[in-house]
Amino acid sequence: MATAAGLPTRVVAALLPCTADSGTGPALAPCPGVPEALRNRLAELDDRAARLATERA
């Protein structure tokens, strides 16, 4: 599901140790480095979207 959301496998690998079964399904716990990795990925996607919009115009 994470890769389908556009996360690269290196970010998914960083998230795996942060997951736990909460009894009602998987839950994500705080994990060092993950927020930064997600912010970086979002910035990459924003840059890519801007470039594509420029090319399209």
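Residues numbered from 1 in each chain as written. Predicted model: local features only at pLDDT ≥ 70, side-chain atom pairs only at ≥ 80, totals over all residues. Heavy atoms only, no water.

### Considering the environment of Ala43
Going by this rule: What counts as a helix is a DSSP run of H or I of at least four residues, what counts as a strand is a run of E of at least two, and both are numbered from the N terminus.
Residue position: Ala43 is located in helix H2 (residues 34-56). For the pair Ala43 and Pro17, spaced 26 residues apart in sequence, the C-alpha to C-alpha distance is 24 Å.

### Observations regarding the confidence of the model for the chain
Let me state the cut-off plainly: Each residue carries a pLDDT score, the predictor's own confidence in it, on a scale running from 0 to 100.
When the pLDDT values of the chain are averaged, the result is 83; 98% of them are 70 or greater. No element of the chain has a lower mean pLDDT than strand S2 (residues 26-28), at 74, and none a higher one than H2, at 90.

### A look at the nonpolar core
If you look at soluble globular proteins, the nonpolar side chains tend to sit buried side by side. Note the threshold: Definition used in this section: a nonpolar core is a set of buried Ala, Val, Leu, Ile, Met, Phe, Trp, Tyr and Cys residues joined via side-chain atoms within 4.5 Å. Per-residue accessibility, obtained with a 1.4 Å probe over protein chains only, is compared with the maximum for each type, and a residue is labelled buried under 20%, exposed over 50%, and partly exposed between these values.
Formed by Leu7, Val11, Val12, Leu15, Cys18, Cys31, Val34 and Ala37, the largest nonpolar core amounts to eight residues. Looking at this core, the elements that each hand over two or more residues are helix H1 (9-15) and H2. Ranked by residues supplied to this core, first place goes to H1 with three residues.

### Focus on the environment of Ala50
Secondary-structure assignment places Ala50 in helix H2. Note: C-alpha distance between Ala50 and Thr24 (26 residues apart in sequence) is 39 Å.

### What to know about the pattern of salt bridges
How we decide: Salt bridge criterion: a side-chain nitrogen from Lys or Arg within 4 Å of a carboxyl oxygen from Asp or Glu.
Tallied over the full model, the rule gives three salt bridges. When the shortest N-O distance is used, the salt bridge between Glu36 and Arg39 registers 3.7 Å. Taken together, the residues span about one helical turn, with Glu36 and Arg39 both in helix H2 at a distance of three residues. Overall, the relative accessible area of 40% leaves Glu36 in the partly exposed class. For Arg39, a relative accessible area of 54% corresponds to the exposed category.

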